[in-house]
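# Tertiary structure, described
Take a look at the letters that make up each chain.
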Amino acid sequence: MATRGTYNTRQRQAILDYLDVHTDRYASVDCVFEALRSQGVEIGRSTIYRTLETLAGEGMASKVVAPRGEVALYRLVNRDEENAGQLVCVECGRVSTIDCAAFQEFSHHVSTEHGFAIDLSRTVLYGRCPLCAQGKVAAHA
């Protein structure tokens, strides 16, 4: 018998499909709700919330707090990016990874000099992407 939360229901699959198509940004419960309802999927906000929390608990989704702290946001975990931090644009919401030597060196420094191991997969830096910084947000939103 499967444990609670591991059933692959139509609703869970619809949520996974939505997240799979939108891997370049985080989504709130309300965002997923509105998108799925507009596609004709009958689903409640509480079902979406529970499913997203389960996915985060299973390590399939990443959960962060929105830049202003108002809601939780979710996105599927890309296994190729587990050792990389994330850059999240506060204007357009686009996510990109920060997987560079300087970031790795910083993590190593914090570990060796301060005894603190940074979980890079949960490290999120908020700011403005190059296009938003140049005022070209409409071109890529």
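A brief structural summary. (Residues numbered from 1 in each chain as written. Predicted model: local features only at pLDDT ≥ 70, side-chain atom pairs only at ≥ 80, totals over all residues. Heavy atoms only, no water.)

As summarised here, the arrangement of the 3 strands in space is E4-E3-E5, forming an open sheet in which the pairing is mixed. Only two strands of the sheet have a single partner each, and these edge strands are strand E4 (95–98) and strand E5 (124–127). The mean inter-strand angle of the sheet, taken between neighbouring strand axes irrespective of direction, is 30°. Here strand E3 (residues 85–89) runs beside E5; their pairing, made up of 4 bridges, is parallel. Its bridge partner lying in E5, Cys 89 is registered against Gly 127. (Pairing = 2+ DSSP bridges. Helix = DSSP H or I, 4+ residues; strand = E, 2+ residues; numbered from the N terminus. Axes fitted to C-alpha atoms, helices over the stretch in contact; angles between N-to-C directions.)

The contact between helix H2 (residues 29–38) and helix H3 (residues 45–57) brings their axes to 9 Å, and the two run at 125°. Between H2 and H3, the angle is such that the two are oblique. Considering only the axes of H2 and H3, their crossing is right-handed. Residues Val 29, Asp 30, Val 32, Phe 33, Glu 34 and Leu 36 of H2 form the contact with H3, whose own contacting residues are Arg 45, Ile 48, Tyr 49 and Leu 52. (Parallel < 35°, antiparallel > 145°, perpendicular 65-115°, else oblique. Left-handed = near helix turned anticlockwise from the far one by under 90°. Contact = heavy atoms within 4.5 Å.)

A few words now on the nonpolar core. If you look at the biggest cluster of nonpolar residues, it comprises 18 residues, and the most contacted ones within it are Ile 15, Leu 36, Ile 48 and Leu 52. Breaking this core down by element, the ones donating at least two residues are helix H1 (10–21), H2, H3 and strand E2 (72–76). Ignoring any residue separated from it by four or fewer positions in sequence, one finds Leu 36 in contact with Ala 14, Ile 15, Tyr 18, Val 41, Ile 43 and Ile 48. Counting 7 residues, the second-largest nonpolar core is a separate cluster that includes Tyr 26, Leu 73, Val 88 and Val 124. (Core = buried A, V, L, I, M, F, W, Y, C linked by side-chain atoms within 4.5 Å. Buried < 20%, exposed > 50% of the residue type's maximum accessible area, 1.4 Å probe, protein only.)

For the rest of this paragraph, the subject is H3. Between its first and last C-alpha, H3 extends 18 Å over 13 residues, near the 18 Å set by a 1.5 Å rise per residue. Of all the residues in H3, the buried ones are Thr 47, Ile 48, Thr 51, Leu 52 and Leu 55. With its buried residues spanning 125° around the axis, H3 presents them on a single face. If you follow the buried residues of H3, they end up packed against H1, H2, strand E1 (61–65) and E2. Just past H3, the residue Gly 59 takes up positive phi, approximately 85°. (Expected span 1.5 Å × (residues − 1). Arc of directions from axis to C-beta.)

Contact geometry for H1 and H2: axes closest at 11 Å, N-to-C directions at 105°. Between H1 and H2, the angle is such that the two are roughly perpendicular. Contact with H1, carried on its side by Ala 14, Ile 15 and Tyr 18, involves Cys 31, Val 32, Ala 35 and Leu 36 of H2 and no other residues of that element. For the contact of H1 with H2, a count of residues per class yields 7 nonpolar, no polar and no charged. (Nonpolar A, V, L, I, M, F, W, Y, C, P; charged D, E, K, R; others polar.)

Applying the stated criterion to the full structure yields 7 salt bridges. Between Arg 25 and Asp 24 there is a salt bridge whose closest N-O contact spans 3.8 Å. For Glu 91, the salt bridge identified is with Arg 128, shortest N-O distance 2.4 Å. Separated by 37 residues along the polypeptide, Glu 91 in the loop between E3 and E4 and Arg 128 in the loop between E5 and helix H5 (130–133) bring together distant segments of the chain. Overall, the relative accessible area of 42% leaves Glu 91 in the partly exposed class. (Salt bridge = Lys/Arg side-chain N within 4 Å of Asp/Glu carboxyl O.)

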